[in-house]
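Now for the letters of each chain:
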Amino acid sequence: MIKTKPFSISKDIVQQAYLRVKGNRGSAGIDGISLERFEESRREHLYRLWNRMSSGSYMPSPIKLVEIPKQGGEKRPLGIPTVTDRIAQMVATLTLEPELDQIFHKDSYGYRSRKSALEAVGKARQRCWRYDWVLDFDIKGFFDNIPHDLLIKAVRKHTDCKWVLLYIERWIKAPLQQQDGFLTVRDKGIPQGAVISPLLANLFLHYCMDEWLRIHYPDCPFERYADDSVIHCRTEARAVELKEALDERLKACGLEIHPVKTKIVYCRDGNRKKEYPNVQFDFLGYTFRARKAMNKQGEYFTSFIPAVSNKAKTAMRDKMRSWQLHRKGSSELAKLAETINPVLQGWINYYGAYYKTELHQVLDHVNRLLVKWATRKYKRLKDRKVRAIKWLAEIAIRAPNLFAHWRIGVKPTIG
């Protein structure tokens, strides 16, 4: 007699989940098993996971805490599950996501297929032209403070699948292993870094904020990417009212508006000239503020538009410095291009979507680093910066596609 498993989970979806996790890469959890080590005994690992998930005996390991440095000396806590747990969470995500994605708001852009951060930036840009005011708000410690009871209630609203509910409860309650090895019991919050966390975060904010705004403030459209949001209002009075009401709403859901990072912004431009303390805001790596623009007739005017933020510029320059190009004297120029072009192209694709000239100023720093590299590599260019610039500029003429930023016109020039 063949014994049936309590839960019906196909081996095929476990395999799909593994391939997705493998594609996303990531480091090892507390068991020290990397994706490379997992691959060595992949069949055995995947069968064991499928068997345990299907029988109900699967129990997640504690989550490894990793702190990522942020600008300003702060650190972002990330919770890294083991590879096995990431695959298990992906199985649940693949099962639950198609159902949930259908109910999410059209202006929820984070971690959704066919949605992107650039779309959110573009929509915010359009709405800032039509609405004079923006509520730029931040949720204090969002991922760390999501109440488990309200989250599970939201999940239950959309599935009665017993194994999905069972394992989600186990995942969100799994202890966090500190860097000193101490285990912390968690009674609220979901770990940033867990595969299923983005889906659960979107679901929680769908009911906590998106639906609440749709019902109570239909005249105030918003763009949300995970917990990063801006809301548009026609008047200052409406923005003040919304800020107070949203503060109360979030408190009722166990969350809190950040008192310092939340502000009301006036979208000042050539036609909107009122004096106001806050006339710019950052959203998804872009700073929205008044800038000079040109219309189709070639006439200049002042518009409220986005461009790469100073914070993003600093991060890019930090990344450039980490390359230490001046110490790669043994490398050829083509090899340097092969190494850094993927990063440069990523920046161009994202930050070059709006107001490219701001990005060009940052990318020109690459040329200065290449000049420094050349003066160290070639004796004839040593301590001769102008000659090195001319040498690099001539190469840019002969091979304009060598570096990604050269392709968009950011080439070395003298003066």
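Everything below is about the structure shown above.
Quick summary incoming for the structure in this document. (Residues numbered from 1 in each chain as written. Predicted model: local features only at pLDDT ≥ 70, side-chain atom pairs only at ≥ 80, totals over all residues. Heavy atoms only, no water.)

## Looking at the sheet that holds strand E7 (residues 228-233)
What links the strands of a sheet is backbone hydrogen bonding, and the strands pair in either a parallel or an antiparallel sense. Note the cut-off: Should DSSP find at least two bridges between two strands, the strands are regarded as paired. Under the scheme used here, helices are H or I runs from DSSP no shorter than 4 residues and strands are E runs no shorter than 2 residues, and both carry numbers assigned from the N terminus. Inter-axis angles, ranging from 0 to 180 degrees, are taken between N-to-C directions of lines fitted to C-alpha atoms, where helices are fitted over the stretch in contact.
Reading across from one edge, E6-E7-E3-E8 is the order of the four strands in this open sheet, with antiparallel pairing throughout. On the outer flanks of this sheet lie strand E6 (222-225) and strand E8 (263-266), each paired with one strand and no other. Taken pair by pair, the neighbouring strands of this sheet meet at an average axis angle of 20 degrees, ignoring direction. Bridge count for strand E3 (residues 133-138) against E8 is four bridges, and the pairing is antiparallel.

## Points about the environment of His232
Heads up, the rule is: Contact definition: two residues touch when any of their heavy atoms are within 4.5 Å. We define a polar contact as two N or O atoms separated by no more than 3.5 Å, with the added condition that, inside protein, one atom must be a possible hydrogen donor and the other a possible acceptor, whereas residues neighbouring each other in sequence contribute only through side-chain atom pairs.
Its place among the elements puts His232 in strand E7. Filtering out sequence-adjacent residues up to four positions away, His232 remains in contact with Ala124, Arg127, Cys128, Tyr131, Trp133, Val134, Asp219, Cys220, Pro221, Phe222 and Glu223. Only 2.7 Å separates the side chain of His232 from the side chain of Glu223, close enough to count as a polar contact.

## A closer look at the packing of aromatic side chains
Stated formally: Any pair of Phe, Tyr and Trp rings, taking the six-membered ring for Trp, is counted once the centres come within 6.5 Å. Such a pair is stacked with planes under 30 degrees apart, edge-to-face with planes over 60 apart, and tilted for the rest. Here, a charge over a ring means that NZ of Lys or CZ of Arg falls within 6 Å of the ring centre while also lying within 35 degrees of the ring normal.
By the definition in use, this model includes 23 aromatic pairs. Ring centres of Phe281 and Phe288 lie 4.7 Å apart, and the angle between their planes is 10 degrees; this geometry places the pair in the stacked category. In this structure an aromatic cluster arises from ring pairing among Phe7, Tyr58, Trp163, Tyr167 and Trp171. The cationic tip of Lys292 hangs over the ring face of Tyr300; the distance from NZ or CZ to the ring centre is 5.5 Å. The side chain of Arg380 reaches across the aromatic face of Tyr378, ending 5.0 Å from its centre.

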